[in-house]
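Fold and geometry: a report
Chain residues, written in single-letter form:
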2 protein chains.
Amino acid sequence: MTAAGKVRERNAMRPASKQRLRLWLRLLRSARAIETQVRERLRIEFSITLPQFDVMAALVRTENGMTMTELSRHLMVSNGNVTGIIDRLVTEKLVLRQAPASDRRSFIVRLTPKGEALFALAAKAHEGWVDDLLADIDADEAERIVNDLDGLARNLRGGEINS
Amino acid sequence: MTAAGKVRERNAMRPASKQRLRLWLRLLRSARAIETQVRERLRIEFSITLPQFDVMAALVRTENGMTMTELSRHLMVSNGNVTGIIDRLVTEKLVLRQAPASDRRSFIVRLTPKGEALFALAAKAHEGWVDDLLADIDADEAERIVNDLDGLARNLRGGEINS
DNA sequence: ATTGAACATTTTAAGTTTAAAATATCCAGA
DNA sequence: TCTGGATATTTTAAACTTAAAATGTTCAAT
């Protein structure tokens, strides 16, 4: 038997629970490896942090901004967390907080023109980095995994799923 | 054409770079969703944090402990980070630092018997949680994704790959 | 033996993250 | 109108995280 065949046989013998545990560890490890790369490049090339990039990526899709709670849910981070990230983005004049007339509890967060311009550059670079980092995975493989992960995410209460 | 067929056609039209970007966003989202669940349950049931669990998981596999640097590389976190996590685990008497005679720069970190006992319980529970969370993915699917992610990880300098 | 580069770890500063408590506001029902 | 539960956000405390600088140690080449 080939070496690869032996690996397959050994894996097939694992109970499903062990396979899923392996999958989870791989998932975490891969996500961390990519995150580390992206974080470092964002810092060096654009002087922004990954969470700040994530917030801007959420905002750029919306016509009318998002509230703090919407951001928190979309990014799957705690609500208190968003406050600090937005504070720093406001300081850098990349986003602004607007008080809607209708509900004085909430704020609408929007990108400023400066934020839009910076994000456009960063997003373009970001797509290129990811394309390089994932170069070993072709489009079909990528789609298959995306679909598998979609099924997975439906089991987990909480987070939104977006394009 | 079926709705699923339309989705496939639309996805097939995307350039590979967009597909890879989608994959990365899904990967991050799935990992976060699982992490949130695991973190909460570890805290509630075992009063430990996820990073502390990760450290103990690394240590339990070793016969002779690991140095701080080995831990840092294995977990793919910065070296300074490990210091604080170990400090807190030492306070809880779950691990201990040993000074090896050979090299006074380094420390060997080991699980205490208390740490081993706690981790054994937590690891068993953890495997069950992950099995539930990933229940939609069968063993074959899991193995396929694991293999795909392995190929991916090889592109990324740094992190170790482990069973 | 000395020196200097490499290595292991800790420290520091800034930012992120969470859970939980506190504040302020909204809104529906009595 | 009033009251209470729900909602939106901020604050707080503790832990995590990183990058970079500082400290101490090792080791090889002189």
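As a starting point, this report considers the structure included with it.

Parameters at a glance
- Residues numbered from 1 in each chain as written.
- Chains lettered and ligands numbered in written order.
- Predicted model: local features only at pLDDT ≥ 70, side-chain atom pairs only at ≥ 80, totals over all residues.
- Heavy atoms only, no water.
- Helix = DSSP H or I, 4+ residues; strand = E, 2+ residues; numbered from the N terminus.
- Contact = heavy atoms within 4.5 Å.
- Areas by Shrake-Rupley, 256 points an atom, 1.4 Å probe, with all protein chains shown as cover.
- Least-squares fit on C-alpha atoms with pLDDT ≥ 70 in both.
- Buried < 20%, exposed > 50% of the residue type's maximum accessible area, 1.4 Å probe, protein only.
- Near = heavy atom within 4 Å.
- Polar contact = N/O pair within 3.5 Å; in protein donor to acceptor, adjacent residues only side chain to side chain.
- Axes fitted to C-alpha atoms, helices over the stretch in contact; angles between N-to-C directions.
- Parallel < 35°, antiparallel > 145°, perpendicular 65-115°, else oblique.
- Nonpolar A, V, L, I, M, F, W, Y, C, P; charged D, E, K, R; others polar.

**A look at the overall build of chain A**
The secondary structure content of chain A amounts to seven helices and three strands. Taking as baseline every contact in chain A between residues at least 6 positions apart, the subset at least 24 positions apart corresponds to 48%. When the accessible surface of chain A is split by element, carbon and sulfur atoms take 50% of a total near 8900 Å².

**Details of the relation of the copies chain A and chain B**
Note on the chain copies: they are related by a rotation about an axis and a translation along it. Turning chain A through 180° and shifting it by 0.0 Å along the axis lays it on chain B, with an RMSD of 0.1 Å. Both copies are brought into coincidence by an operation consistent with a two-fold rotation axis. Comparing interface residues between copies, 100% of those in chain A also sit at the interface in chain B, which points to an isologous, same-surface contact.

**Let's talk about the side chain of His 126 of chain B**
For His 126 of chain B, the location among the structural elements is in helix H6 (residues 113-133). His 126 of chain B sits in the buried class, given a relative accessible area of 5%. Look past the residues within four positions of His 126 of chain B in its chain and what remains in contact with it is Leu 21 and Trp 24 of chain A together with Val 38 and Phe 53 of chain B.

**What about the protein's contact with DNA strand D?**
The environment of DNA strand D is made up of 25 residues, and the closest members are Thr 69 and Arg 105 of chain A together with Thr 49, Ser 78 and Arg 88 of chain B. Backbone atoms, meaning sugar and phosphate, form 78% of the atoms of DNA strand D found within 4 Å of the protein. The contact in question runs from a phosphate oxygen of DNA strand D to an N or O atom on the side chain of Thr 83 of chain A, over 2.9 Å. Asn 81 of chain B is positioned with one of its side-chain polar atoms (N or O) 3.0 Å from a sugar or linking oxygen of DNA strand D. Looking at the surface near DNA strand D, the elements that each hand over two or more residues are helix H4 (68-75) and helix H5 (79-91) of chain A together with helix H3 (50-60) and helix H5 (79-91) of chain B. When residues of the surface near DNA strand D are assigned to their parent elements, the largest contribution, four residues, is made by H5 of chain B.

**Examining the environment of Ala 139 of chain A**
If you trace the backbone, Ala 139 of chain A turns up in helix H7 (residues 139-153). Not counting residues within four places of it along the chain, the set of residues in contact with Ala 139 of chain A comprises Ala 16 and Gln 19 of chain B.

**Things to note about H4 of chain A**
Given 3.6 residues per turn, any residue in an α-helix points the same way as the ones three and four places further on. Inspection of H4 of chain A places Met 68, Leu 71, Ser 72, His 74 and Leu 75 of chain A among the buried residues, and these make up the whole buried set. Buried residues in H4 of chain A make contact with helix H3 (50-60), strand S1 (66-67), H5, strand S2 (95-98) and strand S3 (108-111) of chain A together with helix H2 (16-46) of chain B. Note on H4 of chain A: the residue one or two positions beyond its end, Met 76 of chain A, has a positive phi of about 60°.

**A short note on the packing of H3 of chain B against H5 of chain B**
All names here are of chain B. With their axes 10 Å apart at the nearest point, H3 and H5 run at an angle of 85° to one another. Judged on the interaxial angle alone, H5 and H3 are roughly perpendicular. Contacts from Pro 51, Gln 52 and Val 55 in H3 reach Ile 85, Ile 86, Arg 88 and Leu 89 in H5. Broken down by class, the residue content of the contact of H3 with H5 amounts to five nonpolar, one polar and one charged.

**Some thoughts on the protein's contact with DNA strand C**
Among the 25 residues in the neighbourhood of DNA strand C, the closest are listed as Thr 49, Ser 78 and Arg 88 of chain A together with Met 68 and Thr 69 of chain B. Sugar plus phosphate: this is where 79% of the atoms of DNA strand C within 4 Å of the protein reside. Within the backbone of Thr 69 of chain B, one N or O atom sits 2.4 Å away from a phosphate oxygen of DNA strand C. Breaking the surface near DNA strand C down by element, the ones donating at least two residues are H3 and H5 of chain A together with helix H4 (68-75) and H5 of chain B. Per element, the largest residue contribution to the surface near DNA strand C is four residues, and it comes from H5 of chain A. Here the residues of the surface near DNA strand C are counted per class, giving six nonpolar, twelve polar and seven charged.

All quantities given are derived from atomic positions and should not be read as evidence of function.
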